[in-house]
Amino acid sequence: MMKQIIVDCLGPEMKTTPEVVHRTVIVYDQYTLEHLLLRLNQEELVPAYFAYPHGLKPVPIVLFNHSHGGDFTAGKTELISGADYLQSPSFLETLIADGYAVGCIDMWGFGERSQGESQLFKRFLLQGKTLWGQRVYDNQQFLTYLLSRQEINKEAVATIGMSMGGLMSWWLAASDPRITAVVDIAAQVDYQALIEEDCLDKHGCYYYLPAFLTKWRTADIQQLIAPRPRLSLVGIADKGCPASGVKKLDHSLKEIYIQMGQPAHWQSLQLSGGHEETKEMRGLWRSFLKQQLGH
């Protein structure tokens, strides 16, 4: 059921067997960083980072999803360099310090794959696919690769991101039961609330799916994550996450988690701040991952 709903929403996959085409390994004092070029789809190679701490293995893995921010040159480098709406130190430094491995790809149209988001959106639409779907499927393929690595504890798998990266976190978890814990920041977006509050332009064209609201609600996708643990963090002044939608999703998902016997596994928090990762959010998600990944 989960698989069919996702394919119906996102369009068909361009699936292939994940394969490393090129690898560069850099060893630092506390961790090893690999620059990878991967075959994850049938069209183009995908650049990625994979980093893991020195010491005992295997360790939990956190799949980091970069944000949009209108900066198509950044992509996966956000993991290392951060952004002005993210806390310091970087996600790479923070996750490595907490004892996790971490991976991140350039999503379609970003970083080394920068080729025009609007062009990609239109081409995939004409081909019966969606840009958002192809971004989700690349990340699933990347996860398949990560779980093949001996450094990784396959039973402790989280995904995290902010804004577009947060949207990817919960869509990816809804699509893939191998993910055991989810953190989304500034990304609790209900499609109907975007319409009702005239906020559709707060998100890029990539995020809109043909006829979605004729068949589903946003909660129908998000409930596919339950009863796995999820932490959703939103700034109260974040116009990209209309408060009415955040509250509606919280109500629906709270009921689902209660019905499944795991009410504590769902946490939706509206905090001070806007479209950003605040210092408070940084502390909350670090504590959440520590609790859920058992490390």
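Structural data are supplied above this passage.
Only a predicted model underlies this, so the values are computations on that prediction, with no experimental measurement involved.

Undergrad: Please explain the environment of leucine 253 as it appears in this structure.
TA: If you trace the backbone, leucine 253 turns up in helix H10 (residues 243-259). Setting aside chain neighbours within four positions, we find leucine 253 in contact with Gln188, Ala219, Gln222, Gln223, Arg230 and Trp266.

Undergrad: For this particular structure, what's the right way to read the packing of aromatic side chains?
TA: To describe a pair of aromatic rings, you give the distance between the ring centres and the angle between the ring planes. Per the stated rule, a full pass over the model turns up 17 aromatic pairs. Ring geometry for tyrosine 191 against tyrosine 207: centres 5.1 Å apart, planes inclined by 20°, an arrangement best described as stacked. Note that tyrosine 191 is positioned in helix H7 (residues 191-196) and tyrosine 207 in the loop between H7 and helix H8 (212-215), a separation of 16 residues in sequence. Here tyrosine 191 and tyrosine 207 have matching classes, each one buried. These aromatic residues form a ring-pair network of at least three members: Trp132, Trp170, Trp171, Tyr191, Tyr206, Tyr207, Tyr208, Phe212 and Trp216. Just above the ring of phenylalanine 124 sits the side chain of arginine 123; from NZ or CZ to the centre is 4.8 Å. In this structure, arginine 282 packs its charged tip against the face of phenylalanine 91, placed 4.9 Å from the ring centre.

Undergrad: Sorry, what's going on with the state of the cysteines here?
TA: Simply put, disulfide is the name for a covalent bond between the sulfur atoms of two cysteines. Evaluation of the coordinates by the stated rule reveals zero disulfides. Looking at cysteine 104, it has no disulfide partner, and the nearest cysteine sulfur is the one in cysteine 241, 20 Å off. You can call cysteine 104 buried: its relative accessible area is 0%. Between cysteine 205, a cysteine without a disulfide, and cysteine 199, which holds the nearest cysteine sulfur, the sulfur-to-sulfur distance is 17 Å.

Undergrad: When you look at helix H11 (residues 279-293) in this model, what are you seeing that I'm missing?
TA: Each α-helix turn comprises 3.6 residues. Residues three or four places apart therefore point the same way. The end-to-end C-alpha separation of H11 is 21 Å, in line with the 21 Å expected for 15 residues at 1.5 Å each. For H11, the set of buried residues is Met281, Arg282, Trp285, Phe288, Leu289 and Leu293. Viewed along the axis of H11, the buried residues span an arc of 135°, placing them on a single side of the element. Turned more than 90 degrees away from the buried face of H11 sit Lys279, Lys290 and Gln291, all of them exposed. Where the residues of H11 are buried, they touch strand S4 (59-65), helix H3 (91-97), strand S6 (152-162), strand S7 (181-185), strand S8 (230-235) and strand S9 (266-271). Positive backbone phi, at 60°, marks glycine 294, one or two positions downstream of H11.

Undergrad: Explanation requested: the packing of helix H4 (residues 117-126) against helix H5 (residues 131-146) in the structure shown.
TA: Relative orientation and spacing of two packed helices are given, respectively, by the angle between their axes and the distance between those axes. One way to put it is that H4 packs onto H5 with a least axis distance of 8 Å and a crossing angle of 100°. Here H4 is positioned roughly perpendicular relative to H5, judged by the angle of their axes. Of the residues in H5, those in contact with Glu117, Leu120, Phe121 and Phe124 of H4 are Leu131, Gln134 and Arg135.

Undergrad: Please explain the pairing of strand S2 (residues 31-41) as it appears in this structure.
TA: Note on strand geometry: in a regular strand, side chains alternate between the two faces of the sheet. Of all eleven residues making up S2, eight are buried, and the element is well covered by its neighbours. Two strands pair when backbone bridges link them, and strand S1 (residues 15-27) and S2 are joined in this way by nine bridges, in the antiparallel orientation. Bridge pairing in S2 links isoleucine 26 to leucine 33. Between S1 and S2, which pair antiparallel in sequence order, lie three residues. Across nine bridges, S2 lies against strand S3 (residues 45-53) in antiparallel orientation. Opposite leucine 38, over in S3, you have valine 46 as the bridge partner. The antiparallel hairpin formed by S2 and S3 contains three residues in its connecting segment.

Undergrad: Any chance you could explain the packing of H5 against helix H6 (residues 164-175) here in plain terms?
TA: Their axes nearest at 10 Å, the elements H5 and H6 cross at an angle of 70°. One way to sum up the angle between H5 and H6 is to call them roughly perpendicular. As for the relative orientation of H5 and H6, their crossing is right-handed in sense. Taking contact as the criterion, the partners of Trp132, Arg135, Val136, Asn139 and Gln140 in H5 are, on H6, Met164, Leu167, Met168, Trp171, Leu172 and Ser175. For the contact of H5 with H6, a count of residues per class yields seven nonpolar, three polar and one charged.

Undergrad: Can you help me understand the pattern of salt bridges in this one?
TA: Counted under the stated rule, the structure contains 17 salt bridges. Its salt-bridge partner being lysine 254, residue aspartate 250 comes within 3.6 Å of it at the nearest N-O pair. Taken as a pair, aspartate 250 and lysine 254 lie in helix H10 at a separation of four residues, close to a single helical turn. When its relative accessible area of 18% is taken as the criterion, aspartate 250 is described as buried. Exposure remark for lysine 254: the relative accessible area of 42% places this residue in the partly exposed category. Residues joined in a network through salt bridges with shared partners are Arg23, Glu34, Arg149 and Glu151.

What counts, and at which threshold
Residues numbered from 1 in each chain as written. Predicted model: local features only at pLDDT ≥ 70, side-chain atom pairs only at ≥ 80, totals over all residues. Heavy atoms only, no water. Helix = DSSP H or I, 4+ residues; strand = E, 2+ residues; numbered from the N terminus. Contact = heavy atoms within 4.5 Å. Phe/Tyr/Trp six-rings, centres within 6.5 Å; stacked < 30°, edge-to-face > 60°. Buried < 20%, exposed > 50% of the residue type's maximum accessible area, 1.4 Å probe, protein only. Lys NZ or Arg CZ within 6 Å of the ring centre and 35° of its normal. Disulfide = S-S within 2.5 Å. Expected span 1.5 Å × (residues − 1). Arc of directions from axis to C-beta. Axes fitted to C-alpha atoms, helices over the stretch in contact; angles between N-to-C directions. Parallel < 35°, antiparallel > 145°, perpendicular 65-115°, else oblique. Pairing = 2+ DSSP bridges. Left-handed = near helix turned anticlockwise from the far one by under 90°. Nonpolar A, V, L, I, M, F, W, Y, C, P; charged D, E, K, R; others polar. Salt bridge = Lys/Arg side-chain N within 4 Å of Asp/Glu carboxyl O.

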